[in-house]
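What follows is the residue order along each chain.
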Amino acid sequence: MSPNAGTTIFADQALLPDGWAENVAVRFAQDGLITEVQPGARSAPSQIRVSTLLPAPVNLHSHAFQRAMAGMSERKGTEQTDSFWTWRQIMFRFLDMLTPEDVEAIAAFVQMEMLEAGYAAVGEFHYLHHQHGGAPYDNLAEMSERICAAADQTGIGLTHLPVLYTYGGCDKRALAAGQVRFGNDFNRFHKLRDGAARAMRHLPSDTVLGVAPHSLRAVDEDGLRQAVALAGDKPLHMHLAEQVAEVEEVEAARGMRPVEWLLDQHRVGSNWCLIHCTQMTPEETGALARTRAVAGLCPITESSLGDGIFDGVRYLGAGGRFGIGSDSNIRISLSEELRTLEYSQRLRDKVRASVATAEKSTGRVLFDAAVRGGAQAAGRRSGKMEAGCFADLVTLDPTAIDLDGLRGDAILDAYIFAGDDRMVQDVWAAGRHVVAGGYHVKRDAIRARYRSTMAALRARL
Ligand code: ZN
């Protein structure tokens, strides 16, 4: 999978930073960085010839291990109403069984699915740190090493986000039994993150290390300040304002709503990524948009968990930036994430083409935002097909019926609203050609290991 020196892709159509161009030659070097983008070029036999070439987005929010419990939480429980909170109990019970070997196999499998869906990189919001019962592994960063090992196998671009998780709630209660595998005070977390940094040294140069204070429930004010200082200008990700009960808990403890409190207490800037933000007032929506931070939207998971609907029309209208995350990984589909986001706005507002502008179609607005916001949130030099950026690239199947004869924005509209990720043909992650003909280059081995891991897990359930 190592990129050849001086690979050139020749595309009939490509989406460049200032719009669509034809007959585009994109050249990238062995380090995965684009050296030249030339529209109106002539094709040559040594080039890789493709029909439609797009910049490949980052999946900015994932908890890899949750992929293995997809489909396991759809039965009626004993509670009167199933909710995010009853799902969370199932998730805690499930993750209690997982070994480092399991986590590596699951992470490799879900990273492969992400690549096959057209993502080039992932922001792994990683909080499963310790052994069953909560004792650390001999190697504090054992689980981070497993995430890195998976990325090494799949070739995905990794922004690793070790999570600081200290308390069971805003009142600083101790962690519940299901949470003890996540827990660290700041000092131990700092050591764990140093261990993760060592584990990442053998990964390619597009790898990024950030910091993720889990949420305002799991981290107190001191912990958050320390995490912000530790991040510096690197990515800082945090769950924020996902659930009504969470908003009420934060409001009772800190006298303000979560987004309101955060913007009042911290200088939230462009290295911040706030995950969900489903529960915001119009004032919070406008204020968050003005920070230049990225809202990390996870439309499939937010639908699955009944979180609510992000106010995307108002947020984009105020110039807000967003990217897309697969979060619970119940389903990995870039096109479906974007479609679900748009349809949620239409259902709420009883309109069509809710985010389209005079210049750009709905699909184009959504795709552009996801590509740029994802790269920004991941601290990744990508998101644009131009010299100096990593060659994160995706092509669409020229034989797909729904794409037949289409040009420009209509391609993205057909891909997102009429098609799905089966249209994804080839993916390069920082120049690594990881998906060819729709399939990951190590698909069989990764699937076989995941299948046997899951069989053993089911037997232990
Ligand atoms: Zn999450």
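Residues numbered from 1 in each chain as written. Predicted model: local features only at pLDDT ≥ 70, side-chain atom pairs only at ≥ 80, totals over all residues. Heavy atoms only, no water.

Focus: the sheet that holds strand 16 (residues 432–436)
Strand pairing in a sheet relies on backbone hydrogen bonds. The paired strands run either parallel or antiparallel. The criterion, for reference: One bridge is not enough; two strands pair if DSSP finds at least two bridges between them. Helical segments are the DSSP runs of H or I of at least four residues, strand segments are the runs of E of at least two, and each set is numbered from the N terminus. What makes two residues a contact is simply this: any of their non-hydrogen atoms within 4.5 Å. Geometry is summarised by axes, namely lines fitted to C-alpha atoms with helices restricted to the contacting stretch, and by angles between N-to-C directions that run from 0 to 180 degrees.
Strand order across the open sheet formed by eight strands is 3-2-1-4-14-15-16-17, with mixed pairing between neighbours. Two strands in the sheet have a free side with no partner beyond their single neighbour: strand 3 (34–38) and strand 17 (439–440). Summarising the sheet, strand 2 (residues 19–28) and strand 3 pair through four bridges and their orientation is antiparallel. In the strand pairing of strand 3, A25 is matched with Q38. In the packing of helix 13 (residues 409–418) onto the sheet, the strands contacted are strand 1 (7–16), strand 2, strand 4 (48–55), strand 14 (393–396) and strand 15 (424–429), and the crossing angle to strand 2 comes to about 85 degrees.

So, unusual backbone geometry
In this structure, R292 takes a positive phi of about 70 degrees despite not being glycine. In this structure, R292 sits in the loop between helix 8 (282–290) and strand 12 (294–297). A positive phi angle, near 55 degrees, is found at K350, a position not held by glycine. Here K350 shows up in the loop between helix 11 (334–349) and helix 12 (362–378).

As for the domain arrangement of the protein
For clarity, the cut-off: These domain limits were set by an automatic method or by a database of domain assignments. A pairing counts as a salt bridge when a side-chain nitrogen of Lys or Arg comes within 4 Å of a carboxyl oxygen of Asp or Glu. Between N or O atoms, a polar contact is any pair within 3.5 Å; within protein, one atom must be a potential hydrogen donor and the other a potential acceptor, and residues adjacent in sequence are included only when both atoms are from side chains.
Considered domain by domain, the protein is made up of domain 1 (7–55 + 388–444) and domain 2 (58–378). Relative placement of domain 1 and domain 2: their C-alpha centres are 28 Å apart. At the junction of the two partners, domain 1 supplies 32 residues and domain 2 supplies 36 residues. Here R432 and D206 are joined by a salt bridge, their closest N and O atoms 3.0 Å apart. Taken together, the connections running from domain 1 to domain 2 amount to 16 residue pairs in polar contact (both at pLDDT 80 or more).

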